[in-house]
Amino acid sequence: MKFSINREVLLHPLQLVSSVVERRQVQPVLSNLLMVANDGELSLTATDQEVELTVRISDVNIIDPGETTVPARKLVDICRSMSDSATLTISQESKKLSVGSGRFRSHLVTLPAIDFPNVETSEVGVQLKIDSMQLLKLLDKTSFAMAQQDVRIFFNGVLLDLDGSRIRMVATNGQRLATTQGDLETSHEATQIIIPRKGVNELVRLLNDSRLLGGSGKNDAVLWFTDNHLRVVIGQTELITKLIDGTYPDYTVAIPRENDKTCLVNRIEVRDALQRTAILSNETFRDVRLSLDELKLFVHTNNPLQEEAEEEVSIDFEGEDLVINFNVDYLLNVLAKIEGEQVKMEFSDEKSPCVLTDPEDSDSIFVVSSMKY
């Protein structure tokens, strides 16, 4: 194998795929990426056996086709150290990969391509085409609510709920829930899959990549999914992730429908008040007390050192006066995802969850459980 390529052309795809590689690996080959030069194209693949990411590069001069695996992070560091305009000559020499440019030469130890594991996918099931920016928005508004290493494995990911021409994403850790939905151009059979945390994070990172989307962001993502795997193709990039094996609970029962207390407040004002008062909240519980009456929202926090902070925010409130406690970070996470000028907060009593919505976005619903003492 031998090819030459501009450093700028190689570096960005190399950084993309290398993010999948875990620093600590039981199998040495998993610290490597698979490099295949063939048919006028260079492909780079990395995997941790749960997620597999491949980027194909066409702007490359292939002299001799071939394939090998090479230490991912070392190759990234070498390419990063080169000047922007450098042309790299890369070739396989026995069991080493030669990487050179100008007066620089390096030799990296390789492992056989045949030892590189692939995520084995089953027969293609449902196929879905969706605008990449729509997919990013759906994931961005929900993925923050995923659990981390919860024993209820279905909480450690995002539910993709497909029903006819509607697509819905849901995420929860049992204390907060985020759900949003959108329209599709075609109708599909009702299907649910659970995308694991790492798969979600890698997909969000790819969708956020302006270079991948050609700078315009107008690019379709094609999704194929079965009971076991999700495959996503965006431009020259392909992501395969295993799915969480489990049945997602009925999330609709976690959304209160009969709240009799409603608060309408400026999103920026309440966000800033929460951020300021949270500085002196309990570092362990991160609790904040909200007191609501007809004209104002009173925010109060304190900590074991007997430090405290408070602030008032003007609101439009309907219902009986209420005092309720929340994890302040959960509220701030939701307010960061609401884009409108105002936020609507609905309550039932001091022990029940709060429903937060954007009056200008009927597709998204957020639920935050109260803290009980």
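It should be emphasised that the depicted structure is a prediction, and the values quoted were computed from it without experimental measurement. (Residues numbered from 1 in each chain as written. Predicted model: local features only at pLDDT ≥ 70, side-chain atom pairs only at ≥ 80, totals over all residues. Heavy atoms only, no water.)

Description of the sheet that holds strand 8 (residues 96-101)
Strand pairing in a sheet takes place through backbone hydrogen bonds and is either antiparallel or parallel in direction. Filter applied, for reference: For two strands to count as paired, DSSP must find a minimum of two bridges between them. In this description a helix means any DSSP run of H or I spanning at least four residues, a strand means any run of E spanning at least two, and both kinds are numbered starting from the N terminus. Axis angles are defined between N-to-C directions and span 0 to 180 degrees, where every axis is a line fitted to C-alpha atoms and, for a helix, only to the segment in contact. In what follows, a contact means two residues having at least one pair of non-hydrogen atoms within 4.5 Å.
The strand order 5-1-7-8-9 describes an open sheet built from five strands, whose pairing is antiparallel. The sheet is open, and its two borders are formed by strand 5 (61-64) and strand 9 (104-109), each paired with just one other strand. Within this sheet the neighbouring strands show an average axis-to-axis angle of 20°, counted without direction. The strands touched by helix 1 (residues 7-18) are strand 1 (2-6) and strand 7 (87-93); relative to strand 1, the strand with the most contacts, the crossing angle is about 95°. Of the strands in this sheet, strand 7, strand 8 and strand 9 touch helix 2 (residues 72-81), which is tilted by about 170° from strand 9.

A short note on the pairing of strand 21 (residues 342-347)
Pairing geometry for strand 16 (residues 261-266) and strand 21, over six bridges, is antiparallel. Considered in strand 21, the bridge of N266 is made with Q342. In the sheet, strand 21 pairs with strand 22 (residues 354-358) via three bridges, with the strands oriented antiparallel. When the bridges of strand 22 are listed, K344 appears paired with T357. Remark: six residues form the turn of the hairpin made by strand 21 and strand 22, two consecutive strands paired antiparallel.

Points about the nonpolar core
Applicable threshold: Note on terminology: a nonpolar core comprises buried Ala, Val, Leu, Ile, Met, Phe, Trp, Tyr and Cys residues joined through side-chain atoms within 4.5 Å. Accessibility here uses a 1.4 Å probe with only protein chains present; expressed as a share of the type maximum, an area under 20% marks a residue as buried, one over 50% as exposed, and anything in between as partly exposed.
Counting 97 residues, the largest nonpolar core has L10, M35, L42, L223, L274, L290 and L292 as the members making the most contacts within it. In this view, L290 contacts L274, L297, F298, V299, L322, V323, I324, F326, L331 and M345; residues no more than four positions away in its chain are not counted. Counting 13 residues, the second-largest nonpolar core is a separate cluster that includes V170, I244, Y251 and V367.

Let's talk about the side chain of E346
Rules: The positive count covers Lys and Arg only, the negative count covers Asp and Glu only, and His and the chain ends enter neither. For this analysis, a salt bridge means a side-chain nitrogen from Lys or Arg found within 4 Å of a carboxyl oxygen belonging to Asp or Glu.
Here E346 shows up in strand 21. No salt bridge is formed by the buried E346. Its closest oppositely charged neighbour is K344, at 4.5 Å. E346 has contacts with N259, K261, T262, P353, C354, V355 and T357, leaving out every residue within four places of it along the chain.

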